[in-house]
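Residue strings, one per chain:
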Amino acid sequence: MSKTIAKTEWHPASWQSHPASQQAAYPDKAALERAVAELGRLPPITTSWEVDALKEQLAAAQRGDAFVLQGGDCAETFDECTSENIVAKLKILLQMSLVMIYGLKKPVVRIGRMAGQYAKPRSADTETREGKTLPSFRGDLVNRPGFTPDERIPEPQMILRGYERAAMTLNFVRSLIDGGFADLHHPEYWDLDWVGHSHAAEEYRHIVRSISNSLDFLETVSGRHFHQTMRANIYAAHEGLHLHYEQAQTRFVGREGRERWYDLTTHFPWIGMRTAELDGAHVEYFRGIANPLGVKVGPGMTREWIQDLVRVLNPNNEPGRLTLIHRYGAKSIEERLPELIAAVKETGSPVLWICDPMHGNTESTAEGIKTRRFDNVVAELEAAFRVHAQMGTYLGGVHLELTGENVTECTGGARGLTDADLARAYKSTVDPRLNYEQAMEVAMRISGL
Ligand code: PEP
Ligand code: CO
């Protein structure tokens, strides 16, 4: 082990003695401490056995026996914590997973970027408009998007409001699933209204009919009802950016003679690309929790750095523990991904590879609107499958920013959205998401790859 990665004793707050990038500057430290203490007294929103179950499924994906679909908003917002939004997100994830199961002939592990995706890294600490400079908007967990001093001051109470919404979101998802919403006997519940007669919708309905028929057939010949086995699980994930939030719900759980710390704000937290410094606070926090972890990897990652990250975050080479989510962009993936894979192979440690074809493909229109081209998203995905096949590794999943709504944030896709369409229904406060139809199209492309 190299000298830089000799680590001292870990505890849920040990990250505080490491440099923490992308943290909000709270003016009232005592108020922050009070909010963190209050958050810590609330019950967790996930359990350690769910977290362990997900880790096993990620280990299966690592072996090539499953495929991961991770998707949701770039940033959830407090305003959009509504019944309609949650239902739409659940539906799109279920529909995409169905298409992928059908095409890939493998179980699909569904993970929402949801129930806590409220904190965002920013490229600058401040934002200047017409000569006025204010702190950047860092997500609803921290401050508000409006451009006034009041709205931009980090407000400690928002971690409590965020946690409550995360709990409500996951509670509603669980109730829907328990109530049979995700039952394959009733895929009509999953249909979205606005899709009409698009090409993708026809293809989807064909898949659904075919699965329903197969299910009926199997039940008839076996005399068994498959309700329980067909129940779809959805796990929660978010970027573990706001370390006070994560720390507050970090719990020591002892089961079957194993005692470990779990981050129970979510199942699957990930380290963003801007906070993966080896000696930084985020890596320090993440190395001590037992959850499966993701790390976003993009341009700038070096051989030594990724090898050290793998050693620090998965010192026992535990299957399912570490997922590397690469996001190079359609232009550089073919040049850069092989080196990354080779470097990780040298460690001998197992990782799950997931492709995020969104974050390396963000661009601005002439009017300064952030967008992504559907063709670049698909091109990066295709390249990812190709490179992994060449390197003898398995691409075990995809990480997407998407919504079940009919927004116009990314261009291209079956409807050929152009820059001029973006103004029509652009809702994201941060990155542009695939809309319902574009997301379904991506799922179909993956099934065909
Ligand atoms: C994100 O996932 O929204 C994000 C900020 O990604 P990255 O850390 O890869 O830039
Ligand atoms: Co994003």
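No experiment lies behind these values; they were computed from the predicted model shown. (Residues numbered from 1 in each chain as written. Chains lettered and ligands numbered in written order. Predicted model: local features only at pLDDT ≥ 70, side-chain atom pairs only at ≥ 80, totals over all residues. Heavy atoms only, no water.)

Here the focus is the environment of Gln390. Here Gln390 shows up in helix 11 (residues 374-391). Taking the C-alpha atoms as reference points, Gln390 and Pro338, separated by 52 residues in sequence, lie 8.8 Å from one another. (Helix = DSSP H or I, 4+ residues; strand = E, 2+ residues; numbered from the N terminus.)

Side chains of nonpolar character tend, in soluble globular proteins, to be buried together. Counting residues in hydrophobic clusters, the biggest one holds 82 residues, and the most contacted among them are Met96, Met100 and Ile306. Ignoring sequence-local partners within four residues, the contact set of Met100 consists of Phe67, Leu69, Lys105, Val108, Val398, Ala443, Ile446 and Ser447. Core analysis: the next-biggest nonpolar cluster, separate from the first, contains 23 residues, Leu32, Leu170, Ala236 and Tyr245 among them. (Core = buried A, V, L, I, M, F, W, Y, C linked by side-chain atoms within 4.5 Å. Buried < 20%, exposed > 50% of the residue type's maximum accessible area, 1.4 Å probe, protein only. Contact = heavy atoms within 4.5 Å.)

A separate point is the confidence of the model for the chain. Per-chain confidence: the chain averages 92 in pLDDT, with 94% of residues scoring 70 or above. Per-element confidence in the chain is highest for strand 10 (residues 322-326), whose mean pLDDT is 99, and lowest for helix 6 (residues 199-222), whose mean pLDDT is 77. (pLDDT = per-residue confidence, 0-100.)

This brings us to the coordination of the cobalt ion (ligand 2). Geometry sets the ideal angles at a metal, namely 109.5 degrees for four tetrahedral donors and 90 or 180 degrees for six octahedral donors. Coordination sphere of the cobalt ion (ligand 2), protein contribution only: Cys74 (SG), His359 (NE2), Glu401 (OE) and Asp431 (OD), at 2.1 to 2.4 Å. All donors to the cobalt ion (ligand 2) come from one chain, and their sequence spacing reads C-x284-H-x41-E-x29-D. With His359 in the loop between strand 11 (352-355) and strand 12 (362-364) and Asp431 in the loop between strand 14 (395-401) and helix 12 (436-448), this pair connects stretches of sequence that are 72 residues apart. Take His359 and Asp431: they sit in the same class, and that class is buried. (Donors = N, O, S within 2.8 Å, 3.2 Å for Na, K, Ca; no water.)

Further remarks concern empty space enclosed by the protein. Enumeration according to the criterion identifies two cavities of 30 Å³ or more in this entry. Along its surface, the largest cavity is lined by Asp73, Glu76, Thr77, Glu80, Cys81, Ile86, Lys89, Tyr118 and Thr169. Within the lining of the largest cavity, the residues separate by chemical class into three nonpolar, two polar and four charged. By volume, the second largest cavity is sized at about 40 Å³. Gln22, Gln23, Ala24, Ala119, Lys120, Arg138, Val142, Leu241 and His242 together form the lining of the second largest cavity. Each residue belonging to the lining of the second largest cavity can be placed in one class, and the counts come to four nonpolar, three polar and two charged. (1 Å grid on protein atoms, 1.4 Å probe; cavity = no way out; pocket = protein on both sides within 12 Å on 5 of 7 lines; lining within 4 Å. Points joined across faces, edges and corners; volume = space filled by probe spheres on them. Nonpolar A, V, L, I, M, F, W, Y, C, P; charged D, E, K, R; others polar.)

Here the focus is the pairing of strand 1 (residues 67-72). With respect to burial, strand 1 is a largely interior element, six of its six residues being buried. Burial along strand 1 is two-sided: the residues Phe67, Leu69 and Gly71 and Val68, Gln70 and Gly72 are all buried. What joins strand 1 to strand 2 (residues 108-113) is helix 3 (residues 83-104), and the crossover it makes is right-handed. With five bridges connecting them, strand 1 and strand 14 associate as parallel partners. Counterpart to Gly71 in the pairing with strand 14 is Leu400. (Right-handed = clockwise from strand over helix to strand, strands pointing away. Pairing = 2+ DSSP bridges.)

This brings us to unusual backbone geometry. In this structure, Lys105 is a non-glycine residue whose phi angle is positive, near 60°. Within the secondary structure, Lys105 is located in the loop between helix 3 and strand 2. The backbone phi angle of Glu130 is positive, close to 45°, even though this residue is not glycine. In this fold, Glu130 is placed in the loop between strand 3 (126-129) and strand 4 (132-135). Of the residues examined, Glu130 reaches a relative accessible area of 86% and is grouped as exposed.

In this model helix 3 runs 31 Å from its N-terminal to its C-terminal C-alpha over 22 residues, within 8% of the 32 Å that 1.5 Å per residue would give. Counting buried positions over the 22 residues of helix 3 gives 17, a clear majority of the element. Trailing helix 3 by a residue or two, Lys105 shows a phi angle of about 60°, which is positive. (Expected span 1.5 Å × (residues − 1).)

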